[in-house]
Amino acid sequence: MSTGKAAEPPVAIITAASQGIGEAVARKLANQGWRVALMARSERVEKIAAELGGHALRGSITEVSDLRRLVDETLRQFGRIDGVVLSSGNAARGPLLEISDEDWHKGFDLLLMLAIRVARLSTPHLAAAGGGSIVNISSFAAREPDGRLAVSSVIRAGLTAFAKLYAAEHASAGIRMNNLLPGYMENAPQDPQVTARIPSRRLGAMNELAATAAFLLSADAAYINGQDILVDGGLVRGI
């Protein structure tokens, strides 16, 4: 459960929830008693929300109007917001100097502006609920830049800075923001060379990542704020 402040079940918003990490987080939270408001472009998000007794909205995480609708509909449906998990998907890849301006700008919208925009929209409602938690799904590449993930490496490093600034401003209101940094997960292509780089010698399970996100939303993580939390099987060795 979330903060333990209310008798009624807590409410979480999850983006990109029709598959992958977003879906895994939605299922984990629903199993723990959260009410969930899910957003994705795919119609599959409606099926998942129906299974979980939640609310679904089809829309784009790069459209401000869709994000506003997500917050507004969550409040109309459930009356409060206690947690937010922002999953976004992948940015463009390619050799560093061959990535187009357009792809850099798209990555900026997808990976950083999502967090900034949803923080603007949801923070007053988290405060009204007595506090809450935002978890940004980032990447190990924010900590250890990877040339194969150039856009993600650069822009998600900015997300690390944003989370620290947000935490400094809003901790006194009981609102936290942390970044979850997955390594190579089981939804990635099976590549023996990649697996050999991971000390655990396996890809991460979606349920492991979802459980960490649920922990960061919970009262058990009440003193964890403005942090990058790696879930990577020991892949990143930097100190």
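Residues numbered from 1 in each chain as written. Predicted model: local features only at pLDDT ≥ 70, side-chain atom pairs only at ≥ 80, totals over all residues. Heavy atoms only, no water.

Peer 1: Explain the packing of helix 1 (residues 20–31) against helix 7 (residues 206–217) to me, please; I cannot follow it from the model alone.
Peer 2: To describe two helices that pack against each other, one gives the angle between their axes and the distance between the axes. Interaxial distance between helix 1 and helix 7 falls to 8 Å at its minimum, and their mutual angle equals 60°. With respect to helix 7, the element helix 1 is oriented oblique. In the crossing of helix 1 with helix 7, the sense of the turn from one axis to the other is right-handed. For the pair helix 1 and helix 7, contact is made by Gly20, Ile21, Ala24, Val25, Lys28 and Leu29 and by Met206, Asn207, Leu209, Ala210, Ala211, Ala213, Ala214 and Leu217, respectively. Residue composition of the contact of helix 1 with helix 7, by class: eleven nonpolar, two polar and one charged. (Axes fitted to C-alpha atoms, helices over the stretch in contact; angles between N-to-C directions. Helix = DSSP H or I, 4+ residues; strand = E, 2+ residues; numbered from the N terminus. Parallel < 35°, antiparallel > 145°, perpendicular 65-115°, else oblique. Left-handed = near helix turned anticlockwise from the far one by under 90°. Contact = heavy atoms within 4.5 Å. Nonpolar A, V, L, I, M, F, W, Y, C, P; charged D, E, K, R; others polar.)

Peer 1: Would you explain helix 3 (residues 64–78) in this entry?
Peer 2: Each α-helix winds once per 3.6 residues, and so residues spaced three or four apart point in a common direction. Counted at 1.5 Å a residue, the expected span for helix 3 with its 15 residues is 21 Å, and the 21 Å between its end C-alpha atoms agrees. Taken as a whole, helix 3 has its buried residues at Asp66, Leu67, Leu70, Val71, Glu73, Thr74 and Phe78. For helix 3, the arc enclosing every buried residue in end-on projection is 170°, short of the 170-degree limit, so these residues lie on one face. Lining the buried residues of helix 3 we find strand 1 (11–15), strand 2 (35–40), strand 3 (55–58) and helix 4 (101–128). A positive phi of about 85° marks Gly79, the residue just after helix 3. (Expected span 1.5 Å × (residues − 1). Buried < 20%, exposed > 50% of the residue type's maximum accessible area, 1.4 Å probe, protein only. Arc of directions from axis to C-beta.)

Peer 1: Which parts of the structure should I look at to understand the packing of aromatic side chains?
Peer 2: Aromatic ring pairs are defined here through the distance separating the ring centres and the angle between the ring planes. Considering all chains together, one arrives at two aromatic pairs under this definition. Seen in terms of ring centroids, Phe140 and Tyr184 are 5.3 Å apart; in terms of plane orientation they differ by 45°. Their pairing is tilted. Highlighted residues: Phe140 in the loop between strand 5 (132–137) and helix 5 (150–170) and Tyr184 in the loop between strand 6 (175–182) and helix 6 (192–197), separated in sequence by 44 residues. For Phe140, a relative accessible area of 3% corresponds to the buried category. Tyr184 sits in the buried class, given a relative accessible area of 16%. For the pair Phe162 and Tyr166, a centre-to-centre distance of 6.3 Å together with 40° between the ring planes defines the contact as tilted. On the criterion of helical spacing, the pair formed by Phe162 and Tyr166 is a turn pair, its members being four residues apart in helix 5. (Phe/Tyr/Trp six-rings, centres within 6.5 Å; stacked < 30°, edge-to-face > 60°.)

Peer 1: Looking at this model, I keep getting lost on the sheet that holds strand 5. Mind explaining?
Peer 2: Two strands in a sheet stick together by hydrogen bonds in their backbones, pointing the same way (parallel) or opposite ways (antiparallel). With parallel pairing, the seven strands of this open sheet are ordered in space as 3-2-1-4-5-6-7. The sheet terminates laterally at strand 3 and strand 7 (228–231), the two strands that pair on one side only. Here the strands of the sheet are splayed against their neighbours by 15° on average, with no regard to which way each runs. Here strand 5 runs beside strand 6; their pairing, made up of six bridges, is parallel. Across the sheet, residue Gly132 finds its bridge partner in strand 6, namely Ile175. (Pairing = 2+ DSSP bridges.)

Peer 1: So what exactly am I meant to see when it comes to the environment of Ser152 here?
Peer 2: Mapped onto the elements, Ser152 comes out in helix 5. Here Ser152 falls in the buried class, since its relative accessible area comes to 7%. Once the C-alpha coordinates of Ser152 and Ser138 are considered, the two residues, 14 residues apart in sequence, prove to be 8.3 Å apart. Of the polar contacts made by the side chain of Ser152, one reaches the side chain of Arg156; its length is 2.9 Å. (Polar contact = N/O pair within 3.5 Å; in protein donor to acceptor, adjacent residues only side chain to side chain.)

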